[in-house]
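Residue strings, one per chain:
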Amino acid sequence: MTRSAAKGTVTCGLAQDEHDERKLVSPRWLRDRLEEVSVIDIRGQVKKLDRIYDADGVKYYQQVEPRGLKDEYLFSHIPGSVFVDWTSDIVDKSSGGLFNLIDVDGFRQCMEERGVSCDKTVVIYDNGDMLYAARLWFAMVLYGHPDVRLLNGGFSLWEEQGLPTSDDSRCMLTLLSEFNPDRTYSSMLMSMSDILSKKSEANLIDARSKVQYDGIQRRATRGGHIPGAISLDRRRLLNEDGSGFLPPSELRQVFEDVGVRANDRPTIAYCNGGVASTLVLFALHLLDVPLDKLFNYDGSWNEYGSHASNPPLG
């Protein structure tokens with residue numbers, strides 16, 4: 001499907017308090033268009049392992065095991081989808097960070113090997129927690145894809161609605177395409193020096209849980225948060241029943257309740273590794289905040305909380 005044809009399918013008016021299908025689609029929307037779009041499965045998880053407690057017996061380091069769920073993809077997936085491993089396929093392993101995004105050339109190769117081009121709408125899904133899908137959405141936008149959408153509720157909601165699944169894996173050799181964007185948005189990716197110099201001019205959002213924000217649990221050398229950061233657990237942006245994002249009016253209220261002025265100033269988000277933070281950015285995208293006002297601190301707390309120069313903590 002060409003870009004213009006793709007957008008032509010969703011130009012009808014929106015019902016009250018519904019999300020724009022040019023950004024977030026329902027399982028049935030995708031079912032009706034499987035032959036017209038590229039579908040990417042990026043299911044993953046961060047499995048919690050042991051806690052290593054400090055001497056006070058209260059604060060602790062949380063060991064985790066990040067995983068891409070390729071075995072689940074091989075067992076069952078949305079027909080025609082291709083798999084991307086969030087822990088390796090789009091990660092710059094030479095950067096020193098755990099999950100820093102791969103550069104544009106590496107990302108282009110990853111997409112081309114999976115048959116993903118810039119001429120076709122892309123729909124991304126995970127298990128329904130939406131953070132891995134949002135991470136790939138951010139990478140796609142960063143590197144210039146013009147039409148990327150998320151599947152609301154992910155694979156869990158797809159299965160719950162009884163929609164078709166497949167265990168067929170597509171041969172990568174048959175999928176080669178060209179990923180040639182007209183432009184990229186490299187400024188959306190921020191470094192620690194950017195954070196230190198620009199955080200006072202922006203909404204700085206910490207997307208981790210409150211126990212991490214408060215320094216009780218940590219996944220870096222030190223616990224706490226970046227001074228001036230607003231605590232907004234990314235799970236507050238999702239429906240509790242696993243059906244995906246809150247409706248627009250409720251999303252807007254969540255941001256207002258924590259004091260985010262997204263239309264007045266830029267927003268920088270961070271988490272532990274630059275993944276959950278992209279869910280916050282996607283939620284603001286759903287509320288029509290322009291992309292040039294959204295920024296992700298890719299190194300996030302894994303970098304900031306472990307940096308040798310000991311930047312200040314909140």
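What you see is a predicted model; the values in this text were computed from it and never measured.

Rules used throughout
- Residues numbered from 1 in each chain as written.
- Predicted model: local features only at pLDDT ≥ 70, side-chain atom pairs only at ≥ 80, totals over all residues.
- Heavy atoms only, no water.
- Disulfide = S-S within 2.5 Å.
- Buried < 20%, exposed > 50% of the residue type's maximum accessible area, 1.4 Å probe, protein only.
- Core = buried A, V, L, I, M, F, W, Y, C linked by side-chain atoms within 4.5 Å.
- Helix = DSSP H or I, 4+ residues; strand = E, 2+ residues; numbered from the N terminus.
- Contact = heavy atoms within 4.5 Å.
- Salt bridge = Lys/Arg side-chain N within 4 Å of Asp/Glu carboxyl O.
- Pairing = 2+ DSSP bridges.
- Phe/Tyr/Trp six-rings, centres within 6.5 Å; stacked < 30°, edge-to-face > 60°.
- Lys NZ or Arg CZ within 6 Å of the ring centre and 35° of its normal.
- Patch = residues over 30% accessible without salt bridge, like charges linked within 9 Å, V, L, I, M, F, W, Y side chains within 5 Å.
- Areas by Shrake-Rupley, 256 points an atom, 1.4 Å probe, with all protein chains shown as cover.

Asker: Can you help me understand the state of the cysteines in this one?
Answerer: Defined simply, a disulfide is a covalent bond joining two cysteines at their sulfur atoms. Scanning the model with the defined rule gives zero disulfides in all. The cysteine Cys110 is free of any disulfide, with Cys118 supplying the nearest cysteine sulfur at 13 Å. Cys271 takes part in no disulfide bond, and the closest cysteine sulfur, belonging to Cys110, lies 20 Å away. Note on Cys271: relative accessible area 4%, which makes it buried.

Asker: Got a minute to help me understand the nonpolar core in this structure?
Answerer: One broad trend across soluble globular proteins is that nonpolar side chains are buried collectively. Membership of the largest hydrophobic core comes to 61 residues, with the highest contact counts inside it found for Phe107, Met111, Ile124, Leu136, Met140 and Phe255. Counting only elements with at least two residues in this core, the list comes to α4 (104–113), β6 (122–125), α5 (131–142), β7 (148–151), α9 (248–257) and α10 (276–286). The element best represented in this core is α5, accounting for 11 residues. Those residues in contact with Ile124 that sit more than four places away from it in its chain are Ile40, Ile42, Ala133, Leu136, Trp137, Met140, Val148, Arg149, Leu150 and Leu151. If you look at the next biggest cluster of nonpolar residues, it comprises 15 residues, including Leu204, Ala220, Ile226 and Ala229.

Asker: I would appreciate a short explanation of the pattern of salt bridges in the present structure.
Answerer: Oppositely charged side chains are able to pair whenever their charged atoms sit close together. Taken as a whole and judged by the stated rule, the model has 15 salt bridges. Of the charged contacts in the structure, one is a salt bridge between Arg114 and Asp89, with a shortest N-O distance of 3.0 Å. Remark: Asp89 occurs in the loop between β5 (82–83) and α4 and Arg114 occurs in the loop between α4 and β6; sequence separation between them is 25 residues. In this structure, Asp298 engages Arg135 in a salt bridge whose closest nitrogen and oxygen atoms are separated by 2.9 Å. Taken as a pair, Asp298 in the loop between β13 (294–297) and α11 (300–304) and Arg135 in helix α5 lie far apart in primary sequence, 163 residues in all. What emerges from the salt-bridge pattern is a single network uniting Asp41, Arg43 and Glu72.

Asker: So what exactly am I meant to see when it comes to the sheet that holds strand β2 (residues 38–41) here?
Answerer: Two modes of strand pairing occur in sheets, parallel and antiparallel, and in both the strands are linked by backbone hydrogen bonds. A sheet is described by the order of its strands in space; here five strands give the open sequence β1-β7-β6-β2-β5, paired in parallel fashion. Where the open sheet ends on each side, the last strands, each with one partner, are β1 (24–25) and β5. Inspection of the sheet shows β2 paired to β5 by two bridges, in the parallel sense. Bridging from a neighbouring strand, Asp41 pairs with Phe83 of β5.

Asker: Sorry, what's going on with the sheet that holds strand β8 (residues 189–190) here?
Answerer: Pairing is parallel across the open sheet formed by five strands, whose spatial order is β8-β13-β12-β9-β11. At either end of the open sheet lies a strand with only one pairing partner, and these are β8 and β11 (230–231). Pairing between strand β9 (residues 203–206) and β11: two bridges, direction parallel. Residue pairing for β11: Asp206 is matched across the bridge by Ser231.

Asker: Would you take a moment to explain the packing of aromatic side chains for this structure?
Answerer: When we look at a pair of aromatic rings, we describe it by the centre distance and by the angle of the planes. The final tally for this structure, using the stated rule, is 10 aromatic pairs. Ring geometry for Phe107 against Tyr143: centres 5.3 Å apart, planes inclined by 45°, an arrangement best described as tilted. With Phe107 in helix α4 and Tyr143 in the loop between α5 and β7, this pair connects stretches of sequence that are 36 residues apart. Considered together, Phe107 and Tyr143 belong to a single accessibility category, that of buried residues. Aromatic pair Phe107 and Phe179: ring centres 5.8 Å apart, planes at 75°, arrangement edge-to-face. With Phe107 in helix α4 and Phe179 in the loop between α6 (154–160) and β8, this pair connects stretches of sequence that are 72 residues apart. Considered together, Phe107 and Phe179 belong to a single accessibility category, that of buried residues. Aromatic rings pair up to connect Trp86, Phe99 and Tyr132 into one cluster. Above the face of the Phe155 ring, Arg43 is positioned so that its terminal group lies 4.2 Å from the ring centre.

Asker: Is there a simple way to explain the environment of Ile205 in this structure?
Answerer: With respect to the helices, strands and loops of the structure, Ile205 is situated in strand β9. A relative accessible area of 0% means that Ile205 is categorised as buried. With near-sequence residues (within four places) excluded, Ile205 lies in contact with Ile230, Leu232, Phe255, Val260, Thr267, Ile268, Ala269, Tyr270 and Val280.

Asker: Would you mind going over a nonpolar patch on the surface with me for this structure?
Answerer: The grouping of Val58, Val211 and Ile216 at the surface amounts to a nonpolar patch, some 210 Å² of accessible area in total. Along the chain, the position of Val58 falls in the loop between β3 (44–53) and β4 (60–68).

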